[in-house]
Amino acid sequence: MIELPDFMSYANKFSQTDFVEKIARIAKRAGSKLVYAALILYYTLQSDKVSAANKAMIIGALGYMISPLDVIPDAIPIAGLSDDLAVLLFVLKKVWTDVDPDIQEQARARLSKWFDEDELDEIGDLFSGEK
């Protein structure tokens, strides 16, 4: 298991515009699981049912994902996004009780615009295998 970086120090890197641009740019290379986790967190952040503490964690995780200056640079093939996925899944587990089924469906609907059915099957259980 990868040791998690101090992703909360990246909260100031998050912006809605940067998130949308980055996720669209890296979608295929990142894989459906990372993109799905990021989208769930992004849509959960917009919910009024989420505590300020959980929103802060989500902002930190999404800021970490957006930042080009993370522990393993995104330009490194395969490994470059593994730290991003680890951070996203860690935070997603922490806030999972705040994730409504409609948020999961909204994220899956957006995902279906970028991935085909075979790639969508890869998301399966987000927390199994955590690849």
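Everything discussed here concerns the structure shown above.
So, how was this worked out
- Residues numbered from 1 in each chain as written.
- Predicted model: local features only at pLDDT ≥ 70, side-chain atom pairs only at ≥ 80, totals over all residues.
- Heavy atoms only, no water.
- Core = buried A, V, L, I, M, F, W, Y, C linked by side-chain atoms within 4.5 Å.
- Buried < 20%, exposed > 50% of the residue type's maximum accessible area, 1.4 Å probe, protein only.
- Helix = DSSP H or I, 4+ residues; strand = E, 2+ residues; numbered from the N terminus.
- Expected span 1.5 Å × (residues − 1).
- Phe/Tyr/Trp six-rings, centres within 6.5 Å; stacked < 30°, edge-to-face > 60°.

(A) How the structure looks around the nonpolar core. Phe19, Leu62 and Leu88 are the most contacted members of the largest nonpolar core, which has 43 residues in total. Where this core is concerned, the elements lending two or more residues are helix H1 (16–30), helix H2 (32–45), helix H3 (52–66), helix H4 (82–95) and helix H5 (101–111). Looking at this core, the element that brings in the most residues is H2, giving 11 residues.

(B) Up close: H2. Over its 14 residues, H2 runs 20 Å from end to end, which matches the ideal 20 Å to within 8%, given 1.5 Å per residue. With respect to burial, H2 is a largely interior element, 14 of its 14 residues being buried.

(C) Focus on the packing of aromatic side chains. Counted according to the given criterion, the structure contains 4 aromatic pairs. Arranged with centres 6.0 Å apart and planes meeting at 70 degrees, the rings of Phe7 and Phe90 form a pair that is edge-to-face. Pair noted here: Phe7 is in the segment before H1 and Phe90 is in helix H4, with a separation of 83 residues, a long-range link. Taken together, the ring pairs in this structure connect Phe19, Tyr42 and Tyr43 into an aromatic cluster.

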